[in-house]
Amino acid sequence: MKICLISFDFWHYDEHIVEKLSDKGIEACHINIGAFTHKNTGERIKNTFSKIFLGKNPKHHKRQSFILESLEKIGKQDQILVINPEAIEENIHQKIREYADRNIAYLYDSMARNPATHLHYFDTIFSFDDNDVKNFGFEKITNYNYLDHIPAEKQHPKLDLFYITSYDKKRLSALNTLINRLLPLKIKFEVYMVGKKGWKNKLNQIIDPKNIDILKFGRKKIPHHALPDYYKNTKVILDLMRANQTGLSFRIFEAMALEKKIITDNSTIKTYDFYNPNNILVLDKNFRNVNKDFFNTPYEKLPEEVYNKYTLDHWVNTVFKLNS
């Protein structure tokens, strides 16, 4: 069987899908749109000039051509999975359809945040967002647990809580409220903020001045392979929602693999079979339900059948119908 994945793999989650398919003996390839780069400095300068003065982005069009060139090299596929297809133009979707016996889309952004178009080219459309599944008739699937399982007893965390985020007004406002709740509890926590240097100057409008000094800043995102080391050093992982989104983030499943507790403002998590209030604290409106006991009590292990349901292996088998 030949399966191709097409995606803009900025965070390097999608590469795990291709690796899992290859482990199953499937001829798998990945057309990573995000990996396309300019050939030289001259092209990069021309692209910048065009975006600023002409309002056009040649790099975007070259990425579209990159998809077609890659498909021509690999030929007809049994299945093609396109993740977040809104990054691809309609004429390219038409060509992708010609290369696929079965064409699949997976949306791990909500339609409210990032409307996907040209969905009529797909045989199956999966979404992680409950509202979109209900409103558009998509098939529901969550993100997946791609990490190896490491029991809590084999880890020795020094932090009570860890959070990594980019600049987002809604989430930073929630973070500010939470920090004010945590400080009197003497909770040892760390917040790592990834983004442009100029973002730090905007924080005064969102974060209390005394709380800004608590944040750690980095211009480069933490490498994907290094994230587990950060998570292993904490008892609890913080997960704050983006606006207009109900789907579960990858943090939930990374926490599952590492047997970490979760604090989240995503109340939909209560509808899942892995929800356990001893492991997952869903914040109330004013975050008044944060208490020190949650950090001091041990993680309660999930039943094996529940854990396996959210693994990448199960995800791949479901999306590509490998067990049918």
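One structure accompanies this document, and this report is about it. Predicted model, so just to flag it, every value in this text is computed and none were measured. (Residues numbered from 1 in each chain as written. Predicted model: local features only at pLDDT ≥ 70, side-chain atom pairs only at ≥ 80, totals over all residues. Heavy atoms only, no water.)

**Quick look at the nonpolar core**
The tendency in soluble globular proteins is for nonpolar side chains to be buried as a group.
So, point 1. Counting 49 residues, the largest nonpolar core has Ile17, Leu81, Phe274, Trp315 and Phe320 as its most contacted members.
So, point 2. No other element matches the 6 residues that helix α10 (residues 250-257) contributes to this core.
So, point 3. Leaving out residues up to four positions away in the same chain, Phe274 has contacts with Leu248, Ile252, Met256, Ile269, Ile280, Leu302, Val306 and Tyr310.
So, point 4. Judged by nonpolar contacts, the second largest core, of 28 residues, contains Leu172, Leu175, Ile207 and Ile212. (Core = buried A, V, L, I, M, F, W, Y, C linked by side-chain atoms within 4.5 Å. Buried < 20%, exposed > 50% of the residue type's maximum accessible area, 1.4 Å probe, protein only. Helix = DSSP H or I, 4+ residues; strand = E, 2+ residues; numbered from the N terminus. Contact = heavy atoms within 4.5 Å.)

**Details of the sheet that holds strand β8 (residues 189-194)**
So, point 1. Pairing in this open sheet of 6 strands is parallel, and the strands run β9-β8-β7-β10-β11-β12 from one edge to the other. Each edge of the open sheet is held by one strand with a lone partner, namely β9 (215-218) and β12 (280-282). On average, each strand axis in the sheet is inclined to that of its neighbour by 20°, with strand direction left out of account.
So, point 2. When strand β7 (residues 159-166) meets strand β10 (residues 234-239), the two strands line up parallel, connected through 3 bridges. Within β10, the residue paired with Leu161 across the bridge is Val236.
So, point 3. Running at roughly 160° to β7, helix α6 (residues 169-182) makes contact with β7, β8, β9 and β10 of the sheet. (Pairing = 2+ DSSP bridges. Axes fitted to C-alpha atoms, helices over the stretch in contact; angles between N-to-C directions.)

**With respect to the pairing of β8**
So, point 1. Judged by how many residues are buried, β8 sits mostly within the fold: 6 of 6 residues are covered.
So, point 2. The side-chain alternation of β8 yields two buried faces, one formed by Phe189, Val191 and Met193 and the other by Glu190, Tyr192 and Val194.
So, point 3. Inspection of the sheet shows β7 paired to β8 by 6 bridges, in the parallel sense. Note that in β8 the partner of Ile164 across the bridge is Tyr192.

**As for the pattern of salt bridges**
So, point 1. Counted under the stated rule, the structure contains 14 salt bridges.
So, point 2. Taking the shortest distance from any N to any O, the salt bridge between Glu190 and Lys216 comes out at 3.2 Å. Within this pair, whereas Glu190 is found in strand β8, its partner Lys216 is found in strand β9, the two being separated by 26 residues in sequence.
So, point 3. Here Lys216 falls in the partly exposed class, since its relative accessible area comes to 43%.
So, point 4. With its nearest N and O atoms 2.7 Å apart, the salt bridge here joins Lys301 to Glu259. Highlighted residues: Lys301 in the loop between α11 (292-296) and α12 (304-309) and Glu259 in the loop between α10 and β11 (261-264), separated in sequence by 42 residues.
So, point 5. Judged by relative accessible area, which is 7%, Glu259 ranks as buried.
So, point 6. Overlapping salt bridges, with partners in common, bring together Glu153, Glu259 and Lys301 in one network. (Salt bridge = Lys/Arg side-chain N within 4 Å of Asp/Glu carboxyl O.)

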